[in-house]
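# Descriptive structure summary
What follows is the residue order along each chain.
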Amino acid sequence: MITLAEFQRRRAQLLAQCKPSSIVVIPAASQVTRSNDTEHPFRQNSDFWYLTGFNEADALLVLSNQLANEDGDDLSSMLFVLPKDPHAEIWHGRRMGPEKAVEQLGIDEAYELDVLEELLPALLNGHEHLYYSLDENPQADEIVQSALAQCKSAPKQSMVAPANIVDVSVLLHAMRNIKSSAEIALMREAAVISSDAHKRAMRFVAPGVYEYQLEAELHHEFAMRGARYPAYGTIVGSGDNACILHYTENSDCIKDGNLVLIDAGCELQGYAADITRTFPANGKFNPEQSALYQLVLDSQLAALEVLKPGNTIAQAMQACVAVIVKGLCELGILSGEPDALIAEDAWRPYFMHGLGHYLGLDVHDVGIYKKEGEDLPLAPGIVLTVEPGLYIAPDSDAPAKYRGIGIRIEDDIVITESGHEILTSGVPKTISEIEALMASKS
Ligand code: GLY
Ligand code: MN
Ligand code: MN
C-alpha cells in the first residue's frame, strides 16, 4: 500500500524541483462513455493518482511553492473535487467531497469544482512559472487557458499571469520512473497474482477450449486475489494468432498441436504486471516449437545477463539479437554471416518489437530511454519488462515447418543495486517446467 505520507512526500518532492514561484496543475481523468448511458470502468489518470491516490473523476490538483493561507501557513496543495450531492451519489456513486478530501488525502485545502473557474485565475496570479502538461486533456486545457486569459486581462494589470509554461511531465515522469520500496512491493504482489493466473490458464487449457475461456480464467484469478482489472487488454492467441502482436479478439477454439501465447497482467492499486508465456495446448512442445521456444528463452536469458545498473536496454537488446540471429541461422530460417545479418536487420521480420519497456502505473510506463541521442543507463528502482519473441508468419519465407508459430516470453524485473530481481519468476518458463506443470493438471 502507498501511505498518505508517501503521497505527501511525492507532492513535496515535485514542488521542491520546480523553480521558485511555481504553480503546478494536474487534472484527473474523466468518465468515458461506453454506450448510451453507460460508462467504461473509471481509470484515474496515472500522474494524478501518483500524487493523490484519489480515484474520482474530473478533480484538479494545484500545488504551489509560493502561496500561503490567511494565517501565513504554506498553502502548497489544493484539490478541486466534485461536490457532495445526494441525488448524483444515489445514481452514480459516493463522492468524498472537499471536507473529507483534506482529512483523508492530506491536502491543505479542498474546494468544490464549481468554484474552480472563479478561483483558478486568483491562484495563478503572481506565480512566475506554471507547470502543466498541455495537449493531454482538452477539457483541462480549456480551463487552464481561460484562467490564464482572465489573469492577463484583469483590469489595470491587477493580476500577473505566469510568464512561463513548463511541461510538468519532465519532472514528474522522472520521479515515476524510479520506484520506491512501497511501489516495488505492490508490483511484486501484482506480479505474483499475475503469475498464478498464468499457471491457472496453463492448467486449464486443452484442445477444444476457446481463447476467451482462458482469458476468463486469468481474470477470475486477478479479481479473486484483489486485483479487479487487467492492466491492459488480455491477449490469448493460439496457433498463428500468436503472430498478431496485439491480438485481443481471443475468439478462436484452441486446436490440438498448437501453441497458445498469453500476454496478461493484473493492475493492483494502479500498478501493472505484464507477463507473456507461450505453451502447447496439449501439454507437449513438438520439435519445431521446442527449437524456436528454446531460442527465444536463450535470447531472453542473454538479455537478462546485461540488465543491471549502468548498462542500457540497447546493450541488452544487442545481446538478445546476437542469440536470435545465430539460432535462426542454425534452424535454416536465416542464412548468411551473423554479423552481416545483424547489421542489415535481417531478423526484423521475425522479431518486430523492442526488448521491453518501463512498467509502473502505466503498462508502457513513463520515463525516457534516450537523452541527447544517447541511451540512458539503467538505475536501481527502474522496473521494466524483458520480452523477446519470434513470430514466423504463415506466409513467411521460413521453412514451412516453422510457419504459423509465434512465441514471446515476457518477465518483469526491477533493477537493484547489484543487478536485478525478476518479479515474475513464479510462472514456469523452461520447456521442462511448463510440460511438468501441464502434466500435473489433472
Ligand atoms: N502487453 C503489452 C506489452 O507487452 O507491451
Ligand atoms: Mn505484455
Ligand atoms: Mn510488455
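Before any of the text, the structure's been laid out above.
Quick look at the structure, then. All values derive from a computational prediction rather than experimental measurement.

## Some remarks on the overall build of the chain
- Along the backbone of the chain there are 13 helices and 21 strands.
- Projected onto the principal axes, the alpha-carbon positions of the chain cover approximately 80 × 50 × 40 Å.
- Each of the 442 residues in the chain was classed as buried or not, and the buried ones make up 52%.
- Restricting to contacts in the chain with at least 6 residues of sequence separation, those with at least 24 account for 70%.
- A total accessible area of about 20,200 Å² is found for the chain, and carbon and sulfur atoms account for 51% of it.
- Charge-centre separation for the chain: the mean point of 33 positive side chains lies 5 Å from the mean point of 63 negative side chains.

## Focus on the packing of aromatic side chains
- Per the counting criterion, the structure on display carries six aromatic pairs.
- Arranged with centres 5.8 Å apart and planes meeting at 55°, the rings of Trp 347 and Phe 351 form a pair that is tilted.
- With a relative accessible area of 5%, Trp 347 lands in the buried category.
- When its relative accessible area of 0% is taken as the criterion, Phe 351 is described as buried.

## Topic: the sheet that holds strand S11 (residues 259-264)
- Here three strands make up an open sheet; going across it, the order is S10-S11-S14 and the pairing antiparallel. Of all the strands in the sheet, just strand S10 (235-238) and strand S14 (275-280) have a single pairing partner and so form its edges. This sheet shows a mean twist of 10° between the axes of neighbouring strands, independent of strand direction.
- For S10 and S11, the ladder comprises four bridges, and the chain directions are antiparallel.

## Some points on the coordination of the manganese ion (ligand 3)
- Donor atoms from the polypeptide that bind the manganese ion (ligand 3) are Asp 274 (OD), His 357 (NE2), Glu 387 (OE) and Glu 410 (OE), placed at 2.0 to 2.2 Å.
- Here the manganese ion (ligand 3) is ringed by six donor atoms whose angles at the metal span 50 to 155°, and the overall shape comes out irregular.
- Summarised as a motif, the one-chain spacing of the donors to the manganese ion (ligand 3) is D-x82-H-x29-E-x22-E.
- A spacing of 3.3 Å is found between the manganese ion (ligand 3) and the manganese ion (ligand 2), which share Asp 274 as a donor. Of this pair, His 357 sits in the loop between helix H12 (338-343) and strand S15 (370-371) while Glu 387 sits in the loop between strand S17 (383-386) and strand S18 (389-392), and the two are 30 residues apart along the sequence.

## Thoughts on a negative patch on the surface
- Taken together, the side chains of Glu 70, Asp 71, Asp 73, Asp 74 and Asp 108 define an acidic patch exposed on the protein surface.
- When its relative accessible area of 85% is taken as the criterion, Glu 70 is described as exposed.

## Considering the site of ligand 1
- All residues adjacent to ligand 1 are Tyr 232, Asp 263, Asp 274, His 357, His 364, Glu 387 and Glu 410.
- Between Glu 387 and ligand 1, the recorded distance is 3.1 Å, taken from a side-chain N or O atom to an oxygen atom.
- For ligand 1, whose free accessible area comes to 190 Å², the fraction covered by protein is 91%.
- Among the residues forming the shell around ligand 1, the class breakdown is one nonpolar, two polar and four charged.

## Overview of the coordination of the manganese ion (ligand 2)
- Taken together, the protein donors to the manganese ion (ligand 2) comprise Asp 263 (OD), Asp 263 (OD), Asp 274 (OD) and Glu 410 (OE), at separations of 2.0 to 2.4 Å.
- Each donor residue of the manganese ion (ligand 2) belongs to the same chain, and together they define the spacing D-x10-D-x135-E.
- The exposure class assigned to Asp 274 is buried, which follows from its relative accessible area of 3%.

## Some details on the pairing of strand S20 (residues 411-415)
- For S20, a buried count of five out of five residues is recorded, marking the element as mostly surrounded by other parts of the structure.
- Of the two faces of S20, both are covered, the one formed by Asp 411, Ile 413 and Ile 415 as well as the one formed by Asp 412 and Val 414.
- Here S20 runs beside strand S21 (residues 420-422); their pairing, made up of three bridges, is antiparallel. If you follow Ile 415 over to S21, its bridge partner there is His 420.
- Two successive antiparallel strands, S20 and S21, enclose a turn made up of four residues.

## Examining the side chain of His 127
- Looking at where His 127 falls in the secondary structure, it is placed in the loop between helix H5 (116-124) and strand S7 (129-131).
- One polar contact links His 127 to Ser 64, side chain to side chain, over a distance of 2.8 Å.

## A look at helix H10 (residues 287-306)
- End to end, H10 covers 29 Å across 20 residues, agreeing with the expected 28 Å (1.5 Å per residue, within 8%).
- Two to three positions downstream of the cap, the backbone nitrogen of Glu 288 sits 3.1 Å from a side-chain oxygen, assigning the N-cap of H10 to Asn 286.

## Some words on unusual backbone geometry
- Even without a glycine there, the phi angle at Ser 21 is positive, about 60°.
- Taking relative accessible area as the criterion, Ser 21 reaches 9% and is therefore assigned buried.

## Quick look at the sheet that holds S21
- Spatially, three strands are ordered S17-S20-S21 in an open sheet, and the strand pairing comes out antiparallel. For this open sheet the edge positions go to S17 and S21, each flanked by a neighbour on one side alone. Strand-to-strand twist across the sheet, computed as the mean angle between neighbouring axes with direction ignored, equals 35°.
- With four bridges joining them, S17 and S20 adopt antiparallel strand pairing. Directly across from Val 383, in S20, lies its bridge partner Val 414.
- Set on the sheet, H10 makes contact with S17, S20 and S21; between it and S17 the angle comes to about 155°.

## Here's the deal with the state of the cysteines
- Inspection of every chain in the model, using the stated rule, returns zero disulfides.
- The structure places no disulfide on Cys 253, whose sulfur is separated from the nearest cysteine sulfur, that of Cys 243, by 19 Å.
- Assessed through its relative accessible area of 31%, Cys 253 is described here as partly exposed.
- The closest cysteine sulfur to the non-disulfide-bonded Cys 329 is located on Cys 320, 15 Å from its own sulfur.

About the criteria used
- Residues numbered from 1 in each chain as written.
- Chains lettered and ligands numbered in written order.
- Predicted model: local features only at pLDDT ≥ 70, side-chain atom pairs only at ≥ 80, totals over all residues.
- Heavy atoms only, no water.
- Helix = DSSP H or I, 4+ residues; strand = E, 2+ residues; numbered from the N terminus.
- Buried < 20%, exposed > 50% of the residue type's maximum accessible area, 1.4 Å probe, protein only.
- Contact = heavy atoms within 4.5 Å.
- Areas by Shrake-Rupley, 256 points an atom, 1.4 Å probe, with all protein chains shown as cover.
- Lys, Arg positive; Asp, Glu negative; His and termini not counted.
- Charge placed at Lys NZ, Arg CZ, Asp CG, Glu CD.
- Phe/Tyr/Trp six-rings, centres within 6.5 Å; stacked < 30°, edge-to-face > 60°.
- Pairing = 2+ DSSP bridges.
- Axes fitted to C-alpha atoms, helices over the stretch in contact; angles between N-to-C directions.
- Donors = N, O, S within 2.8 Å, 3.2 Å for Na, K, Ca; no water.
- Tetrahedral: all angles 85-135°; square planar, octahedral: opposite > 155°, others 65-115°.
- Patch = residues over 30% accessible without salt bridge, like charges linked within 9 Å, V, L, I, M, F, W, Y side chains within 5 Å.
- Salt bridge = Lys/Arg side-chain N within 4 Å of Asp/Glu carboxyl O.
- Near = heavy atom within 4 Å.
- Polar contact = N/O pair within 3.5 Å; in protein donor to acceptor, adjacent residues only side chain to side chain.
- Nonpolar A, V, L, I, M, F, W, Y, C, P; charged D, E, K, R; others polar.
- Expected span 1.5 Å × (residues − 1).
- Disulfide = S-S within 2.5 Å.

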